[in-house]
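A closer look at the structure
So you can see what is in the structure, the chains are spelled out below.
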Amino acid sequence: VDKIRHVVCPYCGCLCDDIMIEVTDGKISGVENACTLGAHKFLDDAGNRLKGPIMRTGDEWVDISYEEAIEFAVKVLSEADRPLLYGWSGCATETQAIGAHLAELIGGVVDSTTSVCHGPSILAIQEVGHPGCTLGQVKNRADTIIYWGSNPIEAHPRHLSRYTNYADAYFLHNAFRERRVIVVDVRKTPTAEIATEFVQLEQGGDYHVLSALRAIIRGRGDIIPDMVAGVPKTQLIRVADMCKKAKFGALFFGVGITMTGGKYKNIRNAIEFVDELNRHTKWTISPMRGHSNVYGSNEVFTWITGYPFAVDYSRGIAFYNPGETTAVDILARKEADAALIMASDPGAHFPRICCEHLAKIPTILFDPYPSATTHLCTLQIPSAVNGIDAAGTAYRMDGIPIRTRKFIETGYPTDTELMEKIYDRIRQVKENA
Ligand code: SF4
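Residues numbered from 1 in each chain as written. Predicted model: local features only at pLDDT ≥ 70, side-chain atom pairs only at ≥ 80, totals over all residues. Heavy atoms only, no water.

Moving on: the pattern of salt bridges. Within the structure shown, the criterion is met by 24 salt bridges. Across the pair Arg403 and Glu94 runs a salt bridge whose closest N-O atoms are separated by 2.9 Å. Of this pair, Arg403 sits in strand β21 (residues 401–404) while Glu94 sits in helix α3 (residues 93–106), and the two are 309 residues apart along the sequence. The partner of Glu127 in a salt bridge is Arg268, with the nearest N and O atoms 2.5 Å apart. Residue Glu127 is located in helix α4 (residues 119–128), and its partner Arg268 is located in helix α13 (residues 264–277); the two are separated by 141 residues in the primary sequence. Accessibility expressed as a relative area gives 39% for Glu127, which makes it partly exposed. Residue classification places Arg268 among the partly exposed positions, given a relative accessible area of 26%. (Salt bridge = Lys/Arg side-chain N within 4 Å of Asp/Glu carboxyl O. Helix = DSSP H or I, 4+ residues; strand = E, 2+ residues; numbered from the N terminus. Buried < 20%, exposed > 50% of the residue type's maximum accessible area, 1.4 Å probe, protein only.)

Per the domain assignment, the segments making up the chain are domain 1 (2–41), domain 2 (50–117 + 292–432) and domain 3 (119–287). Between the C-alpha centres of domain 1 and domain 3 there is a distance of 31 Å. With 12 residues of domain 1 at the interface, the matching set in domain 3 holds 8 residues. A combined buried area of about 710 Å² lies between domain 1 and domain 3, and 61% of that area is made up of carbon and sulfur atoms. Looking only at domain 1, the three residues that lose the most surface to domain 3 are Cys14, Cys16 and Cys35, adding up to 52% of its buried area. (Domains from an automatic or database assignment. Contact = heavy atoms within 4.5 Å. Buried area = accessible area lost by both parts, 1.4 Å probe.)

Near the ligand you find Cys9, Tyr11, Cys12, Cys14, Leu15, Cys16, Ala34, Cys35, Leu37, Gly38 and Arg158, and these make up its full shell. With respect to the detected pockets, the ligand is housed in the largest cavity. Split into classes, the residues belonging to the shell around the ligand amount to 9 nonpolar, 1 polar and 1 charged. (Near = heavy atom within 4 Å. 1 Å grid on protein atoms, 1.4 Å probe; cavity = no way out; pocket = protein on both sides within 12 Å on 5 of 7 lines; lining within 4 Å. Sits in = over half its atoms within 2 Å of the grid points. Nonpolar A, V, L, I, M, F, W, Y, C, P; charged D, E, K, R; others polar.)

Another aspect to go through is empty space enclosed by the protein. The final tally for this structure, using the stated rule, is 1 cavity of 30 Å³ or more. Roughly 70 Å³ of volume is contained in the largest cavity. Lining the largest cavity are Cys9, Tyr11, Cys12, Cys14, Leu15, Cys16, Ile19, Ala34, Cys35, Gly38, Pro157 and Arg158. Here the lining of the largest cavity is composed, by residue class, of 10 nonpolar, 1 polar and 1 charged. (Points joined across faces, edges and corners; volume = space filled by probe spheres on them.)

Three- or four-residue spacings in an α-helix give side chains the same orientation, since the helix completes a turn every 3.6 residues. Looking only at α4, the buried set comprises Gly119, Pro120, Ser121, Ile122 and Ala124. Taken together, the buried residues of α4 touch β13 (248–253), α12 (255–258), α13, α14 (294–305) and β16 (319–320). Positive phi appears at Gly129, one or two residues downstream of α4, with a value of about 85°.

Moving on: the packing of aromatic side chains. For the structure shown, the criterion picks out 9 aromatic pairs. Taking the centre distance of 5.8 Å and the plane angle of 25° together, the rings of Tyr147 and Phe252 count as stacked. Taken together, the residues span a long stretch of sequence, with Tyr147 in strand β8 (residues 144–148) and Phe252 in strand β13 at a distance of 105 residues. The same class applies to Tyr147 and to Phe252, which are both buried. (Phe/Tyr/Trp six-rings, centres within 6.5 Å; stacked < 30°, edge-to-face > 60°.)

This is the structure we're talking about:
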């Protein structure tokens, strides 16, 4: 049995880099330090992958070679009028870069899963900035944490043990006793169960509660009614007081606030709430990014195109207008005539009208495992998994780039290699046209 230390978990945006993996006869046989989600990512890997590319012909799946799969992808993408290149949150930044360049080459739209999770956070940050910090700063300094619309015990299980509630802190004597955790949510989640203070608000009441907290911190509690979106004024005053008394506070927010009524205005208000607190003490705010490298897609697309997601090259230049150039909108309008889905599962998350359209057009899926999108696609190409049998760069939820490790050899090509081939061949086709 080989024991491999300091492996990076490629599942969620925490990118825990202290995983220990046991490998027996070239297969993963044990995992230490990972949470349930991360352990399943590693342990279920063996035996669960497609053996090679599969193509839908009529009602049947036919095994084809990687060469045939690349040829099909080149033909479909080079002939399409409005190709959509979507996903990019579970692959390496190296692959994301090729995706952005490919969109420019074929006049397509490149969009990431950001558009259905933290897209509103980015719009708000573009308007009012981002007083953020690294997770290391939170771990070592923060004495007050807010989880707003986020349930890390179920979605990012080690966030609490590595960075907040259960983590040691360099600048706190007894972090576990000294740290206060405030949870704001519409229901009593498992994270709310362990909170110092649980603020239960009405669905869609985030903007109102943030505005009330801002007014209280500004010294205008007199204008607040007795109840705000289901939260008593007395509790709001208590929470505002806890926030002001913090020496270092960190607000983490999830899709429970980005994808509810108010959308990016909620986040803008949350950032301004943190700005308000920064008149009194030190506070930061950070999104709880979901997929392992979804943050990387925003970084890479911004370097290359100038925009973080939903970039449309149909005019020959990068055009960005979320709500118009986002994947769901393009599919719902039935505009896309071909799609490449990289390392994501729109079949499980998109509205039905979008899934139906994906099933009608040639859809090429890059995913090592069968997924809900398998049922919609024309061709599925399995590749090596970033962080298991492929190495690459991924961005943690706080924007820190981390190098993932390859620790077993499986013989699968990486998605970077496959995308490079597709890009080069389409460029040749365009040059010869
Ligand atoms: Fe993996 Fe996330 Fe669990 Fe860490 S918290 S082990 S990155 S799934």
